[in-house]
Amino acid sequence: MSTVAPDTGAVEAAAREATVAELCEQITRRISIGRYAPGMALPAKVLAADLGVPAALLPGAFADLAEAGTLARTGDRIAVPHPSDERAWRACHLANRFLDQVASRLYPPEAPLPGIAELARDRVTEPSLMRQALNVLEDEGWIGRKPGQGRVVLPSGWLLAPPRTVTLPAPATGTARLTEHEIRDAVRLAYTRWRSRQYLPPEDVERAWQEMRVIAVQVLPPTPPGSPMRRGERATALVREAALTPLPDTALLGLWHTACLSMAIRGLLAYACRRTP
């Protein structure tokens with residue numbers, strides 16, 4: 001009785017197809033639980049390490065998921081697509097974050113607010129989104145306009161409860177302080193990570209944030225400022241407030257929060273350089 005040898009190529013192709021299907025399920029699940037957030041880029045090499053699979057399997061999974069609309073492809077970039085209301089969601093998050101800063105008296109009620117460009121720069125966002133967030137706060141009665149002063153926080157801001165904070169890290173003992181060059185490199189990396197939106201495991205986001213907080217402790221003056229309204233004191237207050245605010249619960253927002261802290265540190269360093277004779 002003769003036997004037919006199995007088609008090795010067909011067997012390998014079937015196994016590969018089954019593995020790609022399983023990989024698609026894993027990626028879809030991680031999107032559903034927020035590990036891969038909307039707008040986050042998913043480089044094959046980084047994703048392969050996170051999933052513990054060969055990078056050669058990912059092009060097939062990316063193709064299937066892009067066809068299904070689960071992922072979005074723009075040129076060589078693969079990312080989790082934005083929901084239809086993503087911009088409105090970002091504006092609301094930005095507005096809520098701003099209210100926390102009002103509650104912490106970074107922006108005292110009845111005092112004029114900085115311009116849109118400065119507010120957007122401090123929050124590493126585009127001016128149009130910052131304007132949308134402020135419009136949300138105007139509609140809700142937290143911000144208004146006064147002739148000759150522009151936007152101001154209305155007296156209702158005094159009613160806001162102090163936001164939840166975390167403890168600053170203790171100053172490092174027995175270890176060398178980072179040089180200004182090392183600090184600027186860390187600031188640049190945090191900014192680049194947010195701008196690229198490249199996936200970073202949540203545990204690495206947490207680690208990057210803690211490292212930036214250690215830098216904040218190093219650059220902060222020993223005592224809190226008396227008033228955040230003057231430029232130098234505002235630079236200090238931005239760093240302190242960002243370092244005391246708990247990290248958001250998603251990796252993408254964690255990248256954003258770390259970038260905001262890094263930009264505050266850069267602003268404080270820039271002010272210190274201008275003040276140095």
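Each chain has its residues counted from 1, following the order in which its sequence is written. Where local features are concerned, this predicted model is filtered to residues with pLDDT of at least 70; where side-chain atom pairs are given and counted, the filter is 80 or more; whole-chain, interface and lining totals use all residues. Computation of side-chain values: all heavy atoms of the structure, hydrogens and water removed.

Participant: Is there a simple way to explain the environment of Tyr-107 in this structure?
Facilitator: Counting through the fold element by element, Tyr-107 comes out in the loop between helix 4 (86-103) and helix 5 (116-122). For Tyr-107, a relative accessible area of 1% corresponds to the buried category. When residues no more than four places from it in sequence are discounted, the contact partners of Tyr-107 are Phe-98, Gln-101, Val-102, Leu-113, Pro-114, Leu-119, Asp-122, Arg-123, Val-153, Arg-234 and Leu-238. In terms of polar contacts, Tyr-107 uses its side chain to reach the side chain of Arg-123, at 2.7 Å. A run of H or I in DSSP counts as a helix once it spans at least four residues, and a run of E counts as a strand once it spans at least two, with each numbered from the N terminus. The cut-offs for exposure are 20% and 50% of the maximum accessible area for each residue type, with area from a 1.4 Å probe on protein chains only; residues under the lower value are buried, those over the upper are exposed, and the others partly exposed. Residue contacts follow a heavy-atom distance rule, with two residues in contact if any of their heavy atoms lie within 4.5 Å. Under the rule applied, a polar contact is a pair of N or O atoms within 3.5 Å (in protein, one hydrogen donor and one hydrogen acceptor; residues adjacent in sequence only if both atoms are side-chain atoms).

Participant: What's the story with the pattern of salt bridges in this structure? I'm lost.
Facilitator: Charged atoms that come close allow side chains of opposite charge to pair. By definition, a salt bridge exists where a carboxyl oxygen of Asp or Glu is found within 4 Å of a side-chain nitrogen of Lys or Arg. Tallied over the entire structure, the rule returns 11 salt bridges. For the salt bridge of Arg-35 with Asp-50, the shortest nitrogen-to-oxygen distance reads 2.8 Å. Taken as a pair, Arg-35 in the loop between helix 1 (8-32) and helix 2 (44-51) and Asp-50 in helix 2 lie far apart in primary sequence, 15 residues in all. Between Glu-180 and Arg-184 there is a salt bridge; the shortest N-O distance is 2.8 Å. On the criterion of helical spacing, the pair formed by Glu-180 and Arg-184 is a turn pair, its members being 4 residues apart in helix 7 (residues 180-196).

Participant: Please explain the packing of helix 4 against helix 6 (residues 127-140) as it appears in this structure.
Facilitator: Packed helix pairs are characterised by how far apart their axes lie and by the angle those axes make with each other. Comment: axis = line fitted to C-alpha atoms, over the contacting stretch for helices; angle = value between 0 and 180 degrees taken between N-to-C directions. At a minimum axis separation of 8 Å, helix 4 and helix 6 run at an interaxial angle of 65 degrees. With respect to helix 6, the element helix 4 is oriented roughly perpendicular. Where helix 4 crosses over helix 6, the handedness of that crossing is right-handed. Along its contact with helix 4, which presents Arg-87, Ala-88, Arg-90, Ala-91, Leu-94, Ala-95, Phe-98 and Leu-99, the element helix 6 presents Ser-128, Leu-129, Met-130, Gln-132, Ala-133, Leu-134, Val-136 and Leu-137. Broken down by class, the residue content of the contact of helix 4 with helix 6 amounts to 12 nonpolar, 2 polar and 2 charged. In this scheme, roughly parallel covers angles under 35 degrees and roughly antiparallel covers those over 145, while 65 to 115 is roughly perpendicular and the rest are oblique. By definition, any crossing whose near helix is turned counterclockwise from its far helix by less than a right angle is left-handed, and any crossing with a clockwise turn is right-handed. Three classes are used: nonpolar for Ala, Val, Leu, Ile, Met, Phe, Trp, Tyr, Cys and Pro, charged for Asp, Glu, Lys and Arg, and polar for all others, with Gly counted as polar.

Participant: Looking at this structure, I do not really get the nonpolar core. What am I missing?
Facilitator: For soluble globular proteins, the rule of thumb is that nonpolar side chains tend to be buried together. One finds Ile-27, Phe-98, Tyr-107, Met-130, Leu-261 and Ile-265 to be the most contacted residues of the largest nonpolar core, which totals 73 residues. Ranked by residues supplied to this core, first place goes to helix 10 (residues 251-275) with 12 residues. Those residues in contact with Ile-27 that lie beyond four places of it in its chain are Tyr-36, Leu-47, Leu-51, Leu-58, Ala-61, Phe-62 and Leu-65. Residues grouped as a nonpolar core are buried Ala, Val, Leu, Ile, Met, Phe, Trp, Tyr and Cys residues, joined through side-chain atoms within 4.5 Å.

Participant: Help me understand helix 4 in this model?
Facilitator: Note on helix geometry: an α-helix contains 3.6 residues per turn, so any two residues three or four positions apart are oriented the same way. To estimate the expected span of a helix, count its residues, drop one, and scale the result by 1.5 Å. Taking 1.5 Å of rise per residue, the 18 residues of helix 4 would be expected to cover 26 Å, and the 26 Å separating its terminal C-alpha atoms lies within 8% of that figure. Arg-105, located one to two residues past helix 4, shows a positive phi value of around 70 degrees.

Participant: What exactly am I supposed to notice about the side chain of Thr-125 here?
Facilitator: Mapped onto the elements, Thr-125 comes out in the loop between helix 5 and helix 6. With near-sequence residues (within four places) excluded, Thr-125 lies in contact with Arg-90, Leu-94, Ala-120 and Met-130.

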